[in-house]
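Residues per chain, in single letters:
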Amino acid sequence: MRVTSEQEAMYIACAMESAAVQLYGRAMQVLEGMGRTQDAVYRSVAAMRLEEMSHLQRFRSLYTGLDAGVEQQLMLDAIADGILFEGGLMGAARAGLLKDVESMLAYAAQCEAASVRKYREFAANAAGDAARDALLAIADEEERHLKELTEQAQGSAS
């Protein structure tokens, strides 16, 4: 299924941001369990989670609803799940990507890179300036997250 409207893009963006909030929340739980709440990686993940919550609020403010049935919404949910990782957050957990800090940082970086690509694609097809501007601004923020995660992963591996 192809995304055919700005509202479908906003629906998917909301789902992607919800998944990111959950991912960073899970990362924080893992770090807390390891007693690493004072580490820079914990502060970075917590800050990214807050930004993802802000992104979600911004996309929700632009989402006015779909003229779609349940079947189409389920298809859009499946698209959103597949963008970040096949099977979404549960698929990533089953693949063992949420078990330790290193794998979680790598998974989060993969998700951020996918978000950058997808939000720029959605922006290129957006009909309204507000949606286009929001998508591009958030893509830039996601790119910054990607850079931070890459740096954290390199620091974690050393």
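For clarity, every value in this text was computed on a predicted model and none was experimentally measured.

A. View of the overall build of the protein chain. Of the regular secondary structure elements, the protein chain holds six helices and zero strands. Shown N-terminal to C-terminal, the secondary structure of the protein chain runs as helices and strands in the order α-α-α-α-α-α. C-alpha atoms of the protein chain, sized along the principal axes, occupy 45 × 30 × 20 Å. Burial analysis of the protein chain (158 residues in total) assigns 43% to the buried set. For the protein chain, restricting intrachain contacts to residue pairs at least 6 apart in sequence, the fraction spanning at least 24 positions comes to 72%. Surface summary for the protein chain: the accessible area is close to 8,100 Å², and the carbon and sulfur share equals 52%. Distance from the positive charge centre (15 side chains) to the negative charge centre (24 side chains) of the protein chain: 4 Å.

B. Region of interest: the packing of helix 1 (residues 6–33) against helix 2 (residues 40–62). Their axes nearest at 8 Å, the elements helix 1 and helix 2 cross at an angle of 160°. Put simply, helix 1 runs roughly antiparallel to helix 2. You can see that helix 1 and helix 2 cross each other, and the crossing is left-handed. For the contact of helix 1 with helix 2, the per-class residue count stands at 18 nonpolar, four polar and five charged.

C. Layout of the layout of surface pockets. Its boundaries defined by the atoms lining it, the second largest pocket holds a volume of some 160 Å³. Split by residue class, the lining of the second largest pocket holds four nonpolar, three polar and three charged.

D. The arrangement of the nonpolar core in detail. Ile12, Phe59, Leu84, Tyr119 and Leu135 are the most contacted members of the largest nonpolar core, which has 47 residues in total. For this core, the secondary-structure elements that each account for two or more residues are helix 1, helix 2, helix 3 (70–84), helix 5 (101–125) and helix 6 (129–157). If you tally residues by element for this core, the top one is helix 1, at 15 residues. If we skip the residues at most four places from it in the chain, Phe59 touches Met10, Ala13, Cys14, Glu17, Tyr119, Leu135 and Ile138.

E. Structural context of the packing of helix 1 against helix 3. For the pair helix 1 and helix 3, the least separation of the axes is 9 Å and the interaxial angle reads 50°. One finds that helix 1 runs oblique with respect to helix 3. Between helix 1 and helix 3 lies a crossing whose hand is right-handed. Across from Glu8, Tyr11, Ile12, Ala15, Met16 and Ala19 in helix 1, the residues of helix 3 making contact are Gln72, Gln73, Leu76, Asp77, Ile79, Ala80, Ile83 and Leu84.

F. Spatial organisation of the confidence of the model for the protein chain. Put simply, the protein chain has an average pLDDT of 86, and 94% of its residues get 70 or more. Here helix 4 (residues 88–94) stands out as the least confident element of the protein chain, with mean pLDDT 72; helix 2 is the most confident, with 93.

G. Quick peek at the side chain of Gln7. Turning to its location among the elements, Gln7 is positioned in helix 1. Polar side-chain contacts of Gln7 include one of 2.6 Å to the backbone nitrogen of Thr64.

H. Examining the pattern of salt bridges more closely. The full count for this structure, using the stated rule, is eight salt bridges. A salt bridge links Glu151 to Lys147; its shortest N-O distance comes to 3.4 Å. Taken together, the positions of Glu151 and Lys147, both in helix 6 and four residues apart, correspond to about one turn of that helix. One connected set of salt bridges, linked through shared partners, spans Glu51, Arg144 and Glu148.

Parameters at a glance
Residues numbered from 1 in each chain as written. Predicted model: local features only at pLDDT ≥ 70, side-chain atom pairs only at ≥ 80, totals over all residues. Heavy atoms only, no water. Helix = DSSP H or I, 4+ residues; strand = E, 2+ residues; numbered from the N terminus. Buried < 20%, exposed > 50% of the residue type's maximum accessible area, 1.4 Å probe, protein only. Contact = heavy atoms within 4.5 Å. Areas by Shrake-Rupley, 256 points an atom, 1.4 Å probe, with all protein chains shown as cover. Lys, Arg positive; Asp, Glu negative; His and termini not counted. Charge placed at Lys NZ, Arg CZ, Asp CG, Glu CD. Axes fitted to C-alpha atoms, helices over the stretch in contact; angles between N-to-C directions. Parallel < 35°, antiparallel > 145°, perpendicular 65-115°, else oblique. Left-handed = near helix turned anticlockwise from the far one by under 90°. Nonpolar A, V, L, I, M, F, W, Y, C, P; charged D, E, K, R; others polar. 1 Å grid on protein atoms, 1.4 Å probe; cavity = no way out; pocket = protein on both sides within 12 Å on 5 of 7 lines; lining within 4 Å. Points joined across faces, edges and corners; volume = space filled by probe spheres on them. Core = buried A, V, L, I, M, F, W, Y, C linked by side-chain atoms within 4.5 Å. pLDDT = per-residue confidence, 0-100. Polar contact = N/O pair within 3.5 Å; in protein donor to acceptor, adjacent residues only side chain to side chain. Salt bridge = Lys/Arg side-chain N within 4 Å of Asp/Glu carboxyl O.

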